[in-house]
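# Understanding the architecture of this molecule
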Amino acid sequence: ARRAPSGGWEVVVVRYGRLAATTTTPAGVDPSPAIDALRRTAEVVPPPAPPATSAHPEESALVMAWLEQDGVRLVDVQDGWACPVRGAEGVARLRDAVGVRVAADPVEEPHLGHVPIKA
């Protein structure tokens, strides 16, 4: 969620990299009931076959860009939030964070697993 320019909140539900639902709440109103309703009515998104998301890569990139904006707050995260290490996003973040070479073969460095996206 993030504050809307006119007050209130812009809220999104993201499931497996896909935008599953969105709403806005008015200024001065508790957003909790709207968030609960949005979570219950959001699109049911099946888990993807790793390392893919359940959306087109461009959609996942747009969702990620929105989530990384200043002022965005994570309301609830289930099952963690990660990007596959050997995916382009994960490789770039890992290199930027620690300057590590990422093996092309997951058997070489299985301990790498996933790279956290945001704390």
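Notes on the structure follow. None of these values were measured; they are calculated from a predicted model.

## Some remarks on the nonpolar core
- Formed by Ala1, Trp9, Val11, Val13, Ala20, Ala21, Ile35, Leu38, Ala42 and Val45, the largest nonpolar core amounts to ten residues.
- In terms of residues, this core owes the most to one element, strand E2 (residues 9-15), which gives three residues.

## Here we look at the sheet that holds E2
- Pairing is antiparallel across the open sheet formed by three strands, whose spatial order is E1-E2-E3. If you trace the sheet from one side to the other, it starts and ends with strand E1 (2-3) and strand E3 (18-25), each paired once.
- Relative to E3, E2 is paired through seven bridges, and the arrangement is antiparallel. Opposite Val12, over in E3, you have Thr22 as the bridge partner.
- Helix H1 (residues 32-41) rests against E2 and E3 of the sheet, and its axis sits at about 25° to E2.
- Seen against the sheet, helix H2 (residues 57-67) touches E1, E2 and E3 and runs at an angle of roughly 140° to E2.

## Some points on the environment of Val45
- Mapped onto the secondary structure, Val45 falls in the loop between H1 and H2.
- Expressed as a C-alpha distance, the spacing of Val45 and Ala55, which sit ten residues apart in the sequence, is 9.2 Å.
- Apart from residues lying up to four places away in sequence, Val45 is in contact with Arg15, Tyr16, Arg18, Ala20 and Ser54.

## Examining unusual backbone geometry
- Although it is not a glycine, Tyr16 sits at a positive phi angle of roughly 55°.
- By the element assignment, Tyr16 lies in the loop between E2 and E3.
- According to the relative accessible area criterion, Tyr16 is partly exposed, its value standing at 40%.

## Concerning the environment of Ser32
- Here Ser32 shows up in helix H1.
- The class for Ser32 is partly exposed, based on a relative accessible area of 36%.
- With 43 residues separating them along the chain, Ser32 and Val75 place their C-alpha atoms 9.7 Å apart.

Calculation notes
- Starting afresh in each chain, residues are numbered from 1 along the sequence in its written order.
- Reporting in this predicted model follows two pLDDT cut-offs: at least 70 for local features of residues, and 80 or more for side-chain atom pairs to be given and counted; totals over whole chains, interfaces and linings ignore these cut-offs and use all residues.
- Processing note: side-chain calculations cover all non-hydrogen atoms of the structure and skip hydrogens and water entirely.
- For our purposes a nonpolar core is just a set of buried Ala, Val, Leu, Ile, Met, Phe, Trp, Tyr and Cys residues, chained together by side-chain atoms within 4.5 Å.
- Buried means the residue's accessible area, taken with a 1.4 Å probe over protein chains only, is under 20% of the maximum for its type, while exposed means over 50%, and partly exposed covers the values in between.
- Here a strand is any run of E in DSSP of at least two residues, a helix any run of H or I of at least four, and the numbering for each starts at the N terminus.
- When DSSP finds two or more bridges between two strands, those strands count as paired.
- Residues are treated as being in contact if the distance between any of their heavy atoms lies within 4.5 Å.
- Only the stretch in contact is used when a helix axis is fitted, and all axes are lines through C-alpha atoms; the angle between N-to-C directions ranges over 0 to 180 degrees.

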